[in-house]
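Listed here are the chains, written in short residue letters.
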Amino acid sequence: MTYKEANNISIKDYLNSFGIQPVTEKGSYGMYRSPLREDNTPSFKVDYNANLWCDYGTGEGGTLIDFVMKQHGCNAYGAICRLEQGNTASFSFHGKDLPERDMKRQAASPIEIHRIQPLQNPALMRYLQERGISPGTAAPYVQEMYYRIGGKPFFALAFRNDSGGYELRNPRFKGSTSKDITHIRQQGEPRDTCFVFEGFLDFLSFLTIRQQKSPDIPCTDWQDYVILNSTANTDKALYPLADYGHIHCMLDNDEAGRKAVEAIRQEYKWRVRDASHLYSGHNDLNDYLRSLKVKQSQDLTVTDKPQPEQDNRQNPGEKRKRGLRM
């Protein structure tokens, strides 16, 4: 959604979506009790023709984006993202129907889904193991899909996103049925921390590393997770990330990853930590995990016998720190 398109959304319809109705209407405008403050008298005016608002109690006013910025304490970029995350089909566009995008609309997916089932295909499990990921670690999050493209049959790992689509991976294919983020929330009390990954193989790599280093207490359920599934989806992640006081980004060590972190930091400032230094020298977290696997193999080759396992159990009375760790 562009800045112009966002401001073409009817302010009246936007307020109505929250159950906010005018106290009085005079044809071309309505008077509301201000939704931005305590207001005993209707001093918030919405001009229906100009699609502008004015709060006479504070002297502030402007466009819909200005209102959303005041409402959520965000910048214009964040306001547009919130409008996109909302059900824009319920909003009318001021003076006209939904405008055509300058860009071409995305064509329907050429992928014809045949079936989706739990992970069990030996070839796909072997592919995960080659990436350093245990199939047992992946199974709660990843399924396998059998599909056709142009009439030809294929199969791949399938990772579900928030739109009900799937990210697809096999040794020779990287694609999706539709693009969206995947937001994984833990059960129980809401978490204050969220880890952000670029792809689901990086997310599974993180779980693998935690379980290898601290098998007794991996602490993988102490935080929620957002998987972008593409840095192009960064703006879609901004709205759900607003609920967290601590946001740790574990994105790729490339220009696209750095830009995505900067976009998140621009919105949430000090709450954001770039954790890519934990795997510096590697393109991404999965690349880092595979390097650990190679090093472990080399260590076993050098020694005549396996190294004794380290005791990762928490000492009695020791309080485990909840900071970011690998």
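Scroll up for the structure.
Residues numbered from 1 in each chain as written. Predicted model: local features only at pLDDT ≥ 70, side-chain atom pairs only at ≥ 80, totals over all residues. Heavy atoms only, no water.

1. Things to note about the state of the cysteines
Here a disulfide denotes a covalent bond joining the sulfur atom of one cysteine to the sulfur atom of another. Note the threshold: In what follows, a disulfide is any cysteine sulfur pair within 2.5 Å.
By the definition in use, this model includes zero disulfides. Residue Cys-249 stays outside any disulfide, its sulfur separated by 8.9 Å from that of Cys-194, the closest cysteine.

2. Details of the environment of Tyr-225
This is how it is decided: Segments assigned H or I by DSSP are reported as helices when at least four residues long, segments assigned E as strands when at least two residues long, and all are numbered from the N terminus. Contacts are assigned to residue pairs that have any heavy atoms within 4.5 Å of one another. Side-chain atoms alone can form a polar contact between residues adjacent in sequence; in general such a contact is a pair of N or O atoms within 3.5 Å, and within protein one must be able to donate a hydrogen while the other accepts it.
Assignment of secondary structure puts Tyr-225 in strand β13 (residues 224-227). A sequence separation of 39 residues divides Tyr-225 from Gln-186, and the C-alpha atoms of the two residues are 8.7 Å apart. Dropping the residues within four chain positions of it, Tyr-225 is found in contact with Thr-182, His-183, Ile-184, Gln-186, Cys-194, Phe-195, Phe-197, Phe-203, Phe-206, Leu-207 and Thr-220. A distance of 2.5 Å separates a polar side-chain atom of Tyr-225 from the backbone oxygen of Thr-220. At a separation of 2.8 Å, a polar atom in the side chain of Tyr-225 contacts the side chain of Gln-223.

3. With respect to unusual backbone geometry
Keep this limit in mind: Three labels apply to residues, based on accessible area from a 1.4 Å probe with only protein chains included: buried if under 20% of the type maximum, exposed if over 50%, partly exposed otherwise in between.
For Cys-219, which is not glycine, the phi dihedral falls at a positive 60 degrees. Of note, Cys-219 is situated in the loop between α7 (200-213) and β13. For Cys-219, a relative accessible area of 4% puts it in the buried group. For Lys-269, which is not a glycine, the phi torsion comes out positive at approximately 50 degrees. Mapped onto the fold, Lys-269 is located in the loop between α9 (255-268) and β15 (272-274).

4. A closer look at the packing of aromatic side chains
Centre distance and the angle of the planes are the two values used to describe a pair of aromatic rings. In plain terms, the rule: Here a pair means two rings of Phe, Tyr or Trp (six-membered ring of Trp) with centres within 6.5 Å. Their orientation is stacked below 30 degrees between planes, edge-to-face above 60, and tilted elsewhere. Two thresholds decide whether a charge sits over a ring: the Lys NZ or Arg CZ must be within 6 Å of the ring centre and within 35 degrees of the ring normal.
What the rule picks out here adds up to 17 aromatic pairs. Between the aromatic rings of Phe-44 and Phe-67, the centroid separation amounts to 5.8 Å while the plane-to-plane angle is 65 degrees, which identifies the pairing as edge-to-face. Linking Phe-44 in strand β3 (residues 44-47) with Phe-67 in helix α3 (residues 64-72), this pair joins segments that are 23 residues apart in sequence. The two residues Phe-44 and Phe-67 agree in class, both being buried. Every member of this aromatic cluster is reached through a ring pair, and the members are Tyr-141, Phe-195, Phe-197, Phe-203, Phe-206 and Tyr-225. A cation sits over an aromatic face here: Lys-12 above Tyr-48, 4.7 Å from the ring centre. When the ring centre of Tyr-146 is taken as reference, the NZ or CZ atom of Arg-115 above it lies at 4.0 Å.

5. What about α7?
Side chains three or four residues apart in an α-helix point the same way, a direct result of the helix having 3.6 residues per turn. Note the threshold: By this rule, a helix spans an expected 1.5 Å times one less than how many residues it contains.
For α7, built from 14 residues, the straight-helix expectation of 20 Å at 1.5 Å per residue is met to within 8% by its first-to-last C-alpha distance of 20 Å. Of all 14 residues that make up α7, eleven are buried, and the element is covered over most of its length. For α7, every residue scored as buried is listed here: Phe-200, Leu-201, Asp-202, Phe-203, Leu-204, Ser-205, Phe-206, Leu-207, Thr-208, Ile-209 and Arg-210.

6. Considering the side chain of Asn-286
With respect to the element layout, Asn-286 can be found in helix α10 (residues 285-302). Since its relative accessible area comes to 0%, Asn-286 is described here as buried. If sequence neighbours within four positions are ignored, Asn-286 has contacts with Arg-131, Ile-133, Leu-201, Asp-202 and Ser-205.

7. Some points on the sheet that holds strand β7 (residues 143-149)
Note the threshold: Here, any two strands with at least 2 DSSP bridges between them count as paired. Fitted lines through C-alpha atoms give the axes, limited to the stretch in contact for helices. The angle between two N-to-C directions lies from 0 to 180 degrees.
Pairing within the open sheet is antiparallel, and its five strands lie in the order β6-β7-β8-β9-β10. The open sheet has two free edges, formed respectively by β6 (111-118) and β10 (173-176), since each of these has just one partner strand. Neighbour to neighbour, the strand axes of the sheet diverge by 30 degrees on average, direction disregarded. When β6 meets β7, the two strands line up antiparallel, connected through seven bridges. The residue of β7 that forms the bridge with Ile-116 is Met-145. In the packing of helix α5 (residues 122-130) onto the sheet, contacts are made with β7, β8 (152-160) and β9 (166-170), and the angle to β8 comes to roughly 50 degrees.

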